[in-house]
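Report on the structure
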Amino acid sequence: ILNGSGYFSSAIKTSFDMLGAITNTENYSFEYNAEGNMTKQTTNNSSGTRILSLTYSGGNSVSGVLYKGVILDKKYIFYHNTVENKTGVDDLTGVFNPYFGTASSLLLDSIRIISPATSDTVRIQYAHTLDNNGYISKTIQTWLSGGVPTKYHTYQYFDCR
């Protein structure tokens, strides 16, 4: 279901096995601020409830928390550079999701992810390559901790979008 701005207000995701039997169902609800940034995503499934809450300043994500039930699972701290996010990629997924609200206005430089339960802190660094029109053509996502490989995201545009 979409709200008046064309963003998801609620959704249901159903997963199936190879024979077509339902393996999982997730119910989602979303909240947005006046600028259209997603501030809250609630997910309910057979494993329980997850709540992602995000804060913004000047059109950019600043911080976030993810709760699994009542337990704080992750804290996020976002750092943006000075380049306009013309492509509209999401800070957490790295893809264009116009139905999840307005993306941060500046490109992401890095994210710090803190896991309170394990006292683990991860920093993810981003390097973006822009095309001649200022849209992202490639992003390199480097995890500055052991065990997670560098990821490369490439983007293609049709009809200049």
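Residues numbered from 1 in each chain as written. Predicted model: local features only at pLDDT ≥ 70, side-chain atom pairs only at ≥ 80, totals over all residues. Heavy atoms only, no water.

Things to note about the pairing of strand S3 (residues 38-45)
- Bridging between strand S2 (residues 22-32) and S3 involves six bridges; their strand directions are antiparallel. In the sheet register, Glu-31 faces S3, and the bridge partner there is Lys-40.
- Between the end of S2 and the start of S3, which pair antiparallel, lie five residues, with Gly-36 showing a positive phi angle near 95°.
- Bridging between S3 and strand S4 (residues 48-57) involves six bridges; their strand directions are antiparallel. In the strand pairing of S4, Gln-41 is matched with Leu-52.
- The hairpin formed by S3 and S4 contains two residues between the paired strands. (Pairing = 2+ DSSP bridges. Helix = DSSP H or I, 4+ residues; strand = E, 2+ residues; numbered from the N terminus.)

Structural notes on the pattern of salt bridges
- Overall, the coordinates contain two salt bridges when judged by the stated rule.
- For Lys-74, the salt bridge is made with Asp-73, and the minimal N-O distance between the two is 3.4 Å.
- Under the relative-accessibility criterion, Asp-73 is labelled buried at 18%.
- Through salt bridges that share partners, Lys-68, Asp-73 and Lys-74 make up one connected network. (Salt bridge = Lys/Arg side-chain N within 4 Å of Asp/Glu carboxyl O. Buried < 20%, exposed > 50% of the residue type's maximum accessible area, 1.4 Å probe, protein only.)

A short note on the sheet that holds strand S8 (residues 120-130)
- In spatial order, the strands read S1-S2-S3-S4-S5-S6-S7-S8-S9-S10; together these 10 strands make up an open sheet with antiparallel pairing. Both outer strands of the open sheet, strand S1 (10-16) and strand S10 (151-154), are each paired with one neighbouring strand and no more. With direction set aside, neighbouring strand axes in the sheet form an average angle of 15°.
- With six bridges connecting them, strand S5 (residues 60-68) and strand S6 (residues 71-84) associate as antiparallel partners. Bridging from a neighbouring strand, Val-65 pairs with Lys-75 of S6. (Axes fitted to C-alpha atoms, helices over the stretch in contact; angles between N-to-C directions.)

Quick look at the layout of surface pockets
- Counted as a void, the largest pocket has a volume near 840 Å³.
- Lining the largest pocket we find 45 residues, and of these Leu-52, Asp-90, Asp-91, Leu-92 and Thr-93 sit closest to its centre.
- It is strand S7 (residues 106-115) that provides the largest number of residues to the lining of the largest pocket, a total of five residues.
- In the lining of the largest pocket, the residues fall into 25 nonpolar, 15 polar and five charged. (1 Å grid on protein atoms, 1.4 Å probe; cavity = no way out; pocket = protein on both sides within 12 Å on 5 of 7 lines; lining within 4 Å. Points joined across faces, edges and corners; volume = space filled by probe spheres on them. Nonpolar A, V, L, I, M, F, W, Y, C, P; charged D, E, K, R; others polar.)

A look at the nonpolar core
- In this structure, Tyr-76, Phe-78, Ile-111 and Ile-113 are the most contacted members of the largest nonpolar core, which totals 16 residues.
- Secondary structure elements with two or more residues in this core: S2, S4, S6, S7 and S8.
- Residue contacts for Phe-78: discarding those within four places in its chain leaves Leu-54, Ser-61, Val-62, Ser-63, Gly-64, Asp-91, Leu-92, Leu-108, Ser-110 and Ile-111. (Core = buried A, V, L, I, M, F, W, Y, C linked by side-chain atoms within 4.5 Å. Contact = heavy atoms within 4.5 Å.)

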